[in-house]
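These are the residues of each chain, in order.
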Amino acid sequence: LVAGGLIEGAAETEAGARVLATSEQRAVRSLERRVAEHQAKLDAYRANPDAFDNLGILGRAPTPEIRESIINGRISHLENEISTFQDQILKLLGGG
């Protein structure tokens, strides 16, 4: 960190808004790609969970309730990852 709490390599505009350093810009782009990838995974999984059951876990679920719980757990996990990536983007952009 440098004076004023800015990340080394970052600058400030006349209005006081922080300009991202090159490494921060790369990090934001990478996180945006990860959000898009995970959103695509989530959409595909919601549309057809069985297509992603390569270990046969859903097929061997003893009850429909347990199967649904497994599906909901995977959906929740992907949603949490997306949210984490979005939070990291906001922090890099100075909004968090």
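Check the entry above for the structure.
Residues numbered from 1 in each chain as written. Predicted model: local features only at pLDDT ≥ 70, side-chain atom pairs only at ≥ 80, totals over all residues. Heavy atoms only, no water.

**Q** It is not clear to me how the overall build of the chain should be interpreted in this structure. Could you clarify?
**A** For the chain, the helix and strand inventory stands at 2 helices and 2 strands. Starting at the N terminus and walking to the C terminus, you meet the elements of the chain as β-β-α-α. Sorting the 96 residues of the chain into buried and exposed places 24% on the buried side. Relative to all contacts within the chain whose residues are 6 or more apart in sequence, the contacts with residues 24 or more apart total 52%. (Helix = DSSP H or I, 4+ residues; strand = E, 2+ residues; numbered from the N terminus. Buried < 20%, exposed > 50% of the residue type's maximum accessible area, 1.4 Å probe, protein only. Contact = heavy atoms within 4.5 Å.)

**Q** Whenever I open this one, the side chain of His-38 confuses me. Can you help?
**A** Looking at where His-38 falls in the secondary structure, it is placed in helix H1 (residues 22-47). Overall, the relative accessible area of 6% leaves His-38 in the buried class. Ignoring sequence-local partners within four residues, the contact set of His-38 consists of Leu-78, Glu-81, Ile-82 and Phe-85.

**Q** Looking at this structure, I do not really get the packing of aromatic side chains. What am I missing?
**A** Aromatic ring pairs: the centre-centre distance and the angle between the two ring planes describe each pair. According to the stated counting rule, one finds 1 aromatic pair in the structure shown. With a centroid separation of 5.9 Å and an interplanar angle of 50°, the aromatic rings of Tyr-45 and Phe-52 are classed as tilted. In this structure Tyr-45 comes out as buried when scored by relative accessible area, which is 7%. (Phe/Tyr/Trp six-rings, centres within 6.5 Å; stacked < 30°, edge-to-face > 60°.)

**Q** For this particular structure, what's the right way to read the layout of surface pockets?
**A** Over the atoms, a rolling probe the size of a water molecule traces out where space has been left empty. Roughly 200 Å³ of internal volume is contained in the largest pocket. If you go around the largest pocket, the residues you meet are Lys-41, Tyr-45, Phe-52, Asp-53, Asn-54, Leu-55, Gly-56, Ile-57, Leu-58, Ile-70, Arg-74 and Leu-78. Looking at the lining of the largest pocket, the element that brings in the most residues is helix H2 (residues 64-92), giving 3 residues. In terms of residue class, the lining of the largest pocket is made up of 7 nonpolar, 2 polar and 3 charged. (1 Å grid on protein atoms, 1.4 Å probe; cavity = no way out; pocket = protein on both sides within 12 Å on 5 of 7 lines; lining within 4 Å. Points joined across faces, edges and corners; volume = space filled by probe spheres on them. Nonpolar A, V, L, I, M, F, W, Y, C, P; charged D, E, K, R; others polar.)

**Q** Would you take a moment to explain the pattern of salt bridges for this structure?
**A** Charged atoms that come close allow side chains of opposite charge to pair. Under the definition given, this model contains 2 salt bridges. A salt bridge links Glu-79 to Arg-46; the nearest nitrogen and oxygen atoms lie 2.3 Å apart. Placement of the pair is Glu-79 in helix H2 and Arg-46 in helix H1, with a sequence separation of 33 residues. The exposure class assigned to Glu-79 is partly exposed, which follows from its relative accessible area of 36%. For Asp-50, the salt bridge goes to Arg-67, with nearest N and O atoms at 2.9 Å. Of this pair, Asp-50 sits in the loop between H1 and H2 while Arg-67 is found in helix H2, placing the two residues 17 residues apart along the sequence. (Salt bridge = Lys/Arg side-chain N within 4 Å of Asp/Glu carboxyl O.)

**Q** Before we go on, may I ask you to explain H2 in this structure?
**A** Across its 29 residues, H2 extends 42 Å between first and last C-alpha, which sits within 8% of the 42 Å expected from 1.5 Å per residue. Along H2, the residues that are buried comprise Ile-71, Ile-75, Leu-78, Ile-82, Phe-85, Ile-89 and Leu-92. Gly-94, located one to two residues past H2, shows a positive phi value of around 90°. (Expected span 1.5 Å × (residues − 1).)

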